[in-house]
Amino acid sequence: MFERIMDGAAIGAFFGVVYLVSAWGVLPEQVPAHYNATGEVDRWGSKWELVMLPVIAALLWVGMTFLEKHPEWHNYMALNERNIEFQYRNSRLMLNVLKNLIVPMFAYLSYRSTKVALGEADSLGVMFLPIFLVLMIAPLIIFITRSLRNR
């Protein structure tokens, strides 16, 4: 049930792309294409580069969903008959959480880049990178720790 709720929330984040679509006609030809560690634009590119963000998010979501359905393909330490169900469930859940954190981050990146391109914002903000890193690394630590505890 948790996995389905997370999937639904991530799919909902794809609707953040609506802002990009609605602003497409007024976007300048040059939009933010890359940011430095403090969230400031350090490269400008074609507005078509903004299309890559939702495409990459969708491809990651689809690919990770596929891998999530095949926990037997994942890499495990000390997999045995006693822990196999827990390890499969834990690995599936880790992929689910990660993919469903990645999609909203890409949606925010698309939204914020559109705002910067339109002159409604200056940057991603200095907190984007630390928040992104915590959201990517914390689940890995949690799920790997759970896996190690249940060997």
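Every value quoted in this text rests on a predicted model; they were computed, and no experiment measured them.

Peer 1: Before we move on, could you go through the environment of Ser-91 and cite the residues and values that matter?
Peer 2: Note on placement: Ser-91 falls in helix α4 (residues 84-117). Through-space distance from the C-alpha of Ser-91 to that of Ala-37 is 30 Å; in sequence the pair is 54 residues apart. Beyond its immediate sequence surroundings of up to four residues, Ser-91 is in contact with His-74 and Tyr-76.

Peer 1: Give me the side chain of Ser-147: which residues, what numbers.
Peer 2: You can see Ser-147 is positioned in helix α5 (residues 128-149). Look at Ser-147 and you get buried, because its relative accessible area is 13%. Excluding residues that lie within four positions of it along the chain, Ser-147 makes contacts with Phe-86, Gln-87 and Asn-90.

Peer 1: So what about α4? Which residues, and what values?
Peer 2: When the terminal C-alpha atoms of α4 are compared, their 49 Å separation across 34 residues agrees well with the 50 Å that a helix rising 1.5 Å per residue should span. In terms of residue burial, α4 counts as a mostly covered element, since 25 of its 34 residues are buried.

Peer 1: Summarise the packing of helix α1 (residues 2-13) against α4; cite the residues concerned and give the values.
Peer 2: Running from N to C, α1 and α4 point in directions that differ by 15°, and their axes come no closer than 8 Å. What the angle tells us is that α1 and α4 run roughly parallel. In the packing of α1 onto α4, the handedness of the crossing is left-handed. The segment α1 lies against α4, with Phe-2, Glu-3, Met-6, Asp-7, Ala-10 and Ala-13 engaging Arg-92, Leu-93, Asn-96, Val-97, Lys-99, Asn-100, Val-103, Pro-104 and Ala-107.

Peer 1: Residue-level account of α1, with values.
Peer 2: With twelve residues, α1 extends 17 Å from end C-alpha to end C-alpha; this agrees with the ideal 16 Å at 1.5 Å per step. Here α1 has its buried residues at Glu-3, Met-6, Asp-7, Ala-10 and Ala-13. One face of α1 carries all of its buried residues, which in axial projection span an arc of 115°. Set apart from the buried face of α1 by more than 90 degrees, the exposed residues are Arg-4, Ile-5 and Ala-9.

Peer 1: Could you give an account of the pairing of strand β2 (residues 41-46), naming the residues involved and the relevant values?
Peer 2: Side chains on a regular strand alternate between the two faces of the sheet. As paired elements, strand β1 (residues 30-35) and β2 share five bridges and run antiparallel to each other. Paired with Pro-32 across the two strands is Trp-44, which belongs to β2.

Peer 1: Outline the nonpolar core, supporting the account with residue identities and numerical values.
Peer 2: Judged by nonpolar contacts, the single largest core of 26 residues is most densely connected at Leu-27, Leu-50, Val-97 and Leu-109. Taken together, the elements giving at least two residues each to this core come down to β1, α3 (49-68), α4 and α5. With twelve residues, α4 is the single largest residue contributor to this core. Aside from chain neighbours lying at most four places away, what touches Leu-109 is Tyr-35, Leu-53, Leu-124 and Phe-128.

Parameters at a glance
- Residues numbered from 1 in each chain as written.
- Predicted model: local features only at pLDDT ≥ 70, side-chain atom pairs only at ≥ 80, totals over all residues.
- Heavy atoms only, no water.
- Helix = DSSP H or I, 4+ residues; strand = E, 2+ residues; numbered from the N terminus.
- Contact = heavy atoms within 4.5 Å.
- Buried < 20%, exposed > 50% of the residue type's maximum accessible area, 1.4 Å probe, protein only.
- Expected span 1.5 Å × (residues − 1).
- Axes fitted to C-alpha atoms, helices over the stretch in contact; angles between N-to-C directions.
- Parallel < 35°, antiparallel > 145°, perpendicular 65-115°, else oblique.
- Left-handed = near helix turned anticlockwise from the far one by under 90°.
- Arc of directions from axis to C-beta.
- Pairing = 2+ DSSP bridges.
- Core = buried A, V, L, I, M, F, W, Y, C linked by side-chain atoms within 4.5 Å.

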